[in-house]
Amino acid sequence: MDLFLNGFAWIFDPAHLNGPGGIWVRIAEQLSYTFGAVAIAAIIAIPLGLWIGHTGRGRDIAVLSSGGLRALPSLGLLIIFALGIGIGFKAPLLTFVILAIPSLLSGAYAGVEAVDRRTVDAARAQGMTEWQVLTNVELPLGLPLLIGGIRSGVLQVVATATLAYFASGGALGVFINEGLKTRDYSELIGASIVVTALALVLEGIFALLQRLFVPRGVTAGQVTDVRSRSARPRAVVGSPIQEGK
C-alpha cells in the first residue's frame with residue numbers, strides 16, 4: 001500500500017509534473033504516438049474493411065491477416081524497425097500502426113457485415129447505387145462497431161506506446177525504464193498509474209462516443225421487448241356466472 005501512496009506522491013510532485021521532461025510532456029508524446037498511429041492505420045484499414053464488408057470478397061484473408069498481425073511481438077518489431085530505419089520516432093510509429101490495423105480492419109468489415117441484408121436489399125430496390133448503399137445505409141448502421149474497432153486500437157496502442165522509449169527516448173516509458181534502472185519504485189509505480197489512468201480515460205471517451213453514434217431506432221447490445229400491450233381489459237377471475245342470478 002505504501003508503494004502506491006508513494007507512486008501518487010511522485011505523480012503530484014510539481015518537480016515531476018512540469019518541465020521539458022515532465023509528466024505532461026510525456027503524456028503528450030504518448031498521445032501523439034497513439035493518435036498518429038491510429039490515424040495512419042485508419043487511412044489504410046477502414047476503406048479496406050468497408051470494401052470487404054460490402055462486397056464479401058477477401059474476408060478470409062482479412063481474418064487471417066488480422067490474426068497474424070495481432071500475434072506479432074511489438075517489442076521485436078520495434079527493434080527490427082529501429083535497426084532498419086534508425087533511432088527516432090519513425091520506428092515506434094510504424095510499429096504502432098501495424099498494431100492498430102487489425103482492430104480497425106475487423107471493426108470496419110464487421111460493422112458493415114452486421115447490417116441486416118434485408119435493409120440493404122430494400123435500399124437497392126429503391127434504386128440506390130452501391131456507393132449510396134455503403135455510405136447511406138451500411139456505414140451509418142455499422143458505425144458503432146467501427147468506433148468499437150477504433151476504440152480497441154486506441155487502447156492497444158496507448159498501452160504499448162511506452163515501448164517508444166527504446167527507439168526515440170520519449171513517451172511515458174521514460175519514467176518506467178528510469179525507475180527500473182535506479183530501482184526507484186515510486187517512479188515506476190507512479191508512471192504505471194499514469195499509463196493506466198490514461199487508458200481508462202480514453203476507454204471512457206470512446207465508450208461514450210460508441211453509444212452516441214448508435215443510429216436512432218437501433219439498439220446496440222440489448223434486446224428490447226417492443227410488443228404493445230393489448231387494449232382489451234384483462235379477464236376477471238372469479239366464480240362463473242350462473243343463469244338466473
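If you look the chain up in an unreviewed UniProt entry, it shows as Glycine/betaine ABC transporter permease from Subtercola boreus.

(A) Local environment of the environment of Thr182. Within the secondary structure layout, Thr182 lies in helix 10 (residues 173-182). Relative accessible area serves as the criterion here: at 54%, Thr182 is assigned to the exposed category.

(B) Main features of the pattern of salt bridges. A full pass over the atoms with the stated rule returns 7 salt bridges. The residue Arg124 makes a salt bridge to Glu130 at a minimum N-O spacing of 2.8 Å. Connected via shared salt-bridge partners are Asp121, Arg124 and Glu130.

(C) Fine view of the UniProt feature "transmembrane region" (unreviewed entry) in the chain. When the UniProt feature table is mapped onto this chain, "transmembrane region" (unreviewed entry) is found at residues 31-51, 63-87, 93-112, 154-176 and 188-209. Taken end to end, residues 31-51 is 100% helix and 0% strand, and its first and last C-alpha atoms sit 29 Å apart. Here residues 63-87 is 84% helix and 0% strand, with 33 Å between the C-alpha atoms at its ends.

(D) View of the packing of helix 10 against helix 11 (residues 185-212). Where helix 10 contacts helix 11, the two axes come as close as 7 Å, and the packing angle between them is 160 degrees. Put simply, helix 10 runs roughly antiparallel to helix 11. Viewed along their axes, helix 10 and helix 11 form a crossing whose handedness is left-handed. Of helix 11, the residues touching helix 10 (which contributes Phe175, Ile176, Glu178, Gly179, Leu180 and Thr182) are Glu187, Leu188, Ala191 and Ser192.

(E) Main features of the packing of aromatic side chains. The final tally for this structure, using the stated rule, is 3 aromatic pairs. On the basis of an interplanar angle of 75 degrees and a centroid distance of 5.1 Å, the ring pair of Trp10 and Phe175 is categorised as edge-to-face. With Trp10 in helix 1 (residues 2-11) and Phe175 in helix 10, the pair connects residues that are 165 residues apart, well separated along the chain. The two residues Trp10 and Phe175 agree in class, both being buried. Plain terms: the ring middles of Tyr33 and Phe96 are 5.9 Å apart, the flat faces sit at 80 degrees to each other, and that makes the pair edge-to-face. Taken as a pair, Tyr33 in helix 3 (residues 23-55) and Phe96 in helix 6 (residues 90-113) lie far apart in primary sequence, 63 residues in all. Assigned by exposure class, Tyr33 and Phe96 land together as buried.

(F) Local environment of the side chain of Glu187. Among the structural elements, Glu187 can be located in helix 11. Buried and without a salt bridge, Glu187 has Arg26 as its closest oppositely charged side chain, separated by 8.6 Å. Setting aside residues no more than four positions away along its own chain, Glu187 makes contact with Trp10, Phe175, Glu178, Gly179 and Thr182.

(G) Looking closely at helix 11. When the terminal C-alpha atoms of helix 11 are compared, their 41 Å separation across 28 residues agrees well with the 40 Å that a helix rising 1.5 Å per residue should span. When helix 11 is considered as a whole, its buried residues turn out to be Glu187, Leu188, Gly190, Ala191, Ile193, Val194, Val195, Leu198, Ala199, Leu202, Phe206 and Gln210. Looking at the buried side of helix 11, the elements it contacts are helix 1, helix 3, helix 8 (130-160) and helix 10.

The rules behind these values
- Residues numbered from 1 in each chain as written.
- Predicted model: local features only at pLDDT ≥ 70, side-chain atom pairs only at ≥ 80, totals over all residues.
- Heavy atoms only, no water.
- Helix = DSSP H or I, 4+ residues; strand = E, 2+ residues; numbered from the N terminus.
- Buried < 20%, exposed > 50% of the residue type's maximum accessible area, 1.4 Å probe, protein only.
- Salt bridge = Lys/Arg side-chain N within 4 Å of Asp/Glu carboxyl O.
- UniProt positions renumbered as here; feature names shortened; annotations may be inferred.
- Axes fitted to C-alpha atoms, helices over the stretch in contact; angles between N-to-C directions.
- Parallel < 35°, antiparallel > 145°, perpendicular 65-115°, else oblique.
- Left-handed = near helix turned anticlockwise from the far one by under 90°.
- Contact = heavy atoms within 4.5 Å.
- Phe/Tyr/Trp six-rings, centres within 6.5 Å; stacked < 30°, edge-to-face > 60°.
- Lys, Arg positive; Asp, Glu negative; His and termini not counted.
- Expected span 1.5 Å × (residues − 1).

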